[in-house]
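Report on the structure
Here is how the chains run, residue by residue.
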Amino acid sequence: MGKNTEIADIFERIADALEFKGEMVFKVSAYRKAARMLREYSGDISSIHPSEIEGIGKGMAEKIEEYLKTGRIKKYEEVIADIPEGLLELLNIPNMGPKTLHLLHKELGVNNLKDLERVLEEGKVAALPGMGEKKEENIKKGVLLYKAGRSRIPLATALKVVREVISPLSDISEEISPAGSLRRMKETIGDIDILAAGEKTQEIVDIFTRQSYVREVIAKGDTKASIRTIYNNLQVDLRVVEKDCWGAALLYFTGSKAHNIKLRGIAKDRGLKINEYGVFRGTKRIAGKTEDDVYRTLGIKFIPPELREDKGEIEAAMKGTLPVLVEQKDIKGDLHIHSNYSDGMDDIETVTLAAKRRGYEYIGICDHSKTSKIAGGLDEEALKRRNEEIDSIQEKIKGIKILKGMEVDILSNGSLDYSDSILEQLDFVIVAVHQGFFKNVTERIKEAMRNPFVDILAHPTGRLLSGREGYKMNIEEVMEYAAKMGVALEINASYDRLDINDVNIMKAKGYGAIFVIGTDAHSTGMLEDMELGLGTARRGWLEKKDVLNTYRWQDIPFRRRR
Ligand code: DGT
Ligand code: CA
Ligand code: CA
């Protein structure tokens, strides 16, 4: 995390405030763009001149330097001075735009969530000029979504935080690991749990509570502490145990609770007792040092954390039918990458080299198709130029295959954004819904899948973890049809998507579907999101053979090759 994220957060809040005040669009988007660049910039911002980062202009660079020097940005303090605290937060509510919020604030005195809920309850919103019943209903729905999602943090954020928290503790601990939902790679995280083992218990706890990311120490004892961090107020619980109990404690604090309860039952059936200290026969401890150890004592094989949800994994382990889950080392490429031909930040050569450094054997460049105008979609001419450029870059760069793909829009009328003669020239085709989210979506996707050049369906439900509900569609019907037609379902690994999710993956696997994990990267930094997609795939019980991008490029079973 660090400074880049802190400054990006402030820039985003400035953008929110300006938007709320009705400032010019270009000013608002300059801040949003700078925030995005800062988040995607992986280096240490204080060691370079900020204007060296692409997309950061002079004005933004000055504000970054101001923050690095003084720890504050005057512009921010200015723009929020006359805005009540808690008001801008409401912009995170789905279906709540800055204009609407401004209206609610001015006409109904809405200053915070409580006020908003009250005026919605009293039916005052519909009566405002330009609002009406329908918009009021949408805001109500948005509030529900917002409240449900607010208390949980996306996996991507939690992973960054946990790395930062663990780093100062790793030397002094003999063992240290994330536990809880984070270790199980759940898509959202309530709080972060960390388990450590070592002799210097008190020192570990002290170091943990003394870091600069601590906003508040909630509780502190000899062997455990809870803090609230400066990152979205995310809570982190640390426990330190003795090394002999490491496995039993890790198992216990990884959960899920349902998994633990079932394990306890199994122990009982065998005349044993299991808790966070170990496995006991009477008062004698017979296991506990490693998780492997504990599972073995209960007569079952090691169960990977991602499966520990009591969804049949314990029964499968007892029968010896646990899946052999797909692993990082199985991933041979990324088939959903945007270049600066459409809305990606980096050119084809740069992303290719970055993918090669990750050890990939191939990448699929997938830019947007022509109707996605705001995303810089390519018309047929531009596509031709892009394909020629791929050929010439391929001449220069050896050791990685660049596949020519496209992310082609499924249009409102159900047809695709290019003719078959264009699709045929590509190595593979991803299709996606980017318009008409509420109109005949199921039928349109099925229509698209009947086209033999369509290989992959991108982000199948369209939901966003940050609160967008997704398309109005019958996902089961779509997944079943994809399985039947041999179209791969994407597990879009982008931090805000994770779409399709673990639950749908399991269902789709039941229908016989095939899958692909794609990052939808719009910059080289986002190639790292593969980890999130992989965790999701594993939570969906996927094996190597289920996932297209585990094959060598010559062998990828694209539908058009079968
Ligand atoms: P979260 O934080 O809501 O994303 O989900 P978890 O699974 O991380 O839940 P959390 O933080 O409340 O607890 C961490 C783990 O500790 C949990 O997965 C299992 C274990 N645990 C907590 N409370 C209990 C309990 O009452 N019984 C059992 N068996 N295990 C528990
Ligand atoms: Ca937790
Ligand atoms: Ca916890």
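Bear in mind that the values here come from a model prediction, so they are computed numbers and not experimental data.

**Focus: the sheet that holds strand S17 (residues 515–518)**
A sheet is described by the order of its strands in space; here seven strands give the open sequence S11-S12-S13-S14-S15-S16-S17, paired in parallel fashion. Each edge of the open sheet carries a strand with a single partner, namely strand S11 (333–337) and S17. Of the strand pairs in this sheet, S11 and strand S12 (residues 362–368) are connected by three bridges, and their pairing is parallel. Of the residues in S12, the one forming a bridge with Ile-337 is Ile-365.

**A short note on the domain arrangement of the protein chain**
Annotation of the protein chain at the domain level lists domain 1 (2–150), domain 2 (154–319) and domain 3 (328–561). Each of domain 1 and domain 2 has a C-alpha centre, and the two are 36 Å apart.

**Considerations on the coordination of the calcium ion (ligand 3)**
Within the protein, the calcium ion (ligand 3) binds to Asp-191 (OD), Asp-191 (OD), Asp-193 (OD) and Asp-237 (OD); these donor distances fall in the range 2.3 to 2.7 Å. Donor residues for the calcium ion (ligand 3), ordered by position in the chain, follow D-x1-D-x43-D. Judged by its relative accessible area of 18%, Asp-193 falls in the buried class.

**A few points about the pattern of salt bridges**
Following the criterion strictly, the structure yields 38 salt bridges and no others. Note that Glu-19 and Arg-32 form a salt bridge whose closest N and O atoms lie 2.5 Å from each other. Of this pair, Glu-19 sits in helix H1 (residues 3–20) while Arg-32 is found in helix H2 (residues 25–40), placing the two residues 13 residues apart along the sequence. For the salt bridge of Lys-58 with Glu-62, the shortest nitrogen-to-oxygen distance reads 3.7 Å. One end of the pair is Lys-58 and the other is Glu-62, both in helix H3 (residues 58–70) and four residues apart, which spans about a single turn. A residue is classified by how much of its surface remains accessible, and Glu-62, at 45% relative accessible area, is partly exposed. Beyond isolated ion pairs, a larger network of salt bridges with shared partners links Arg-184, Glu-309, Asp-502 and Arg-539.

**Points about the coordination of the calcium ion (ligand 2)**
Coordination sphere of the calcium ion (ligand 2), protein contribution only: Asp-191 (O), Asp-191 (OD) and Asp-193 (OD), at 2.2 to 2.5 Å. The site at the calcium ion (ligand 2) holds six donor atoms, and with the angles between them running 68 to 165 degrees, its shape is irregular. Separating the calcium ion (ligand 2) from the calcium ion (ligand 3) is a gap of 3.7 Å, bridged by Asp-191, which donates to each.

**Some details on helix H21 (residues 530–539)**
When you tally the buried positions in H21, you get nine out of ten residues, the bulk of the element. As for H21, its buried residues are in contact with helix H8 (155–166), S11, strand S16 (488–492), helix H20 (502–511) and S17. At the C-terminal side of H21, Trp-541 shows a positive phi close to 70 degrees.

**Comments concerning the sheet that holds strand S7 (residues 235–241)**
Taken in spatial order, the five strands of this open sheet run S2-S4-S7-S6-S5, and their pairing is mixed. Each edge of the open sheet is held by one strand with a lone partner, namely strand S2 (175–179) and strand S5 (214–220). Shown here is a sheet whose adjacent strand axes are inclined to one another by a mean of 20 degrees, direction ignored. Both strand S6 (residues 224–229) and S7 contribute to a ladder of five bridges, which runs antiparallel. Paired with Arg-228 across the strands is Gln-235, a residue of S7.

**Brief notes about the side chain of Asp-455**
With respect to the helices and strands, Asp-455 occurs in the loop between helix H18 (441–449) and strand S15 (456–457). Relative accessible area serves as the criterion here: at 1%, Asp-455 is assigned to the buried category. Polar side-chain contacts of Asp-455 include one of 3.2 Å to the backbone nitrogen of Arg-559. Within the local environment of Asp-455, its side chain forms a polar contact with the side chain of Arg-560, the two groups lying 3.2 Å apart. Aside from chain neighbours lying at most four places away, what touches Asp-455 is Phe-428, Val-429, Val-487, Ala-488, Phe-558, Arg-559 and Arg-560.

What counts, and at which threshold
Residues numbered from 1 in each chain as written. Chains lettered and ligands numbered in written order. Predicted model: local features only at pLDDT ≥ 70, side-chain atom pairs only at ≥ 80, totals over all residues. Heavy atoms only, no water. Pairing = 2+ DSSP bridges. Helix = DSSP H or I, 4+ residues; strand = E, 2+ residues; numbered from the N terminus. Domains from an automatic or database assignment. Donors = N, O, S within 2.8 Å, 3.2 Å for Na, K, Ca; no water. Buried < 20%, exposed > 50% of the residue type's maximum accessible area, 1.4 Å probe, protein only. Salt bridge = Lys/Arg side-chain N within 4 Å of Asp/Glu carboxyl O. Tetrahedral: all angles 85-135°; square planar, octahedral: opposite > 155°, others 65-115°. Contact = heavy atoms within 4.5 Å. Axes fitted to C-alpha atoms, helices over the stretch in contact; angles between N-to-C directions. Polar contact = N/O pair within 3.5 Å; in protein donor to acceptor, adjacent residues only side chain to side chain.

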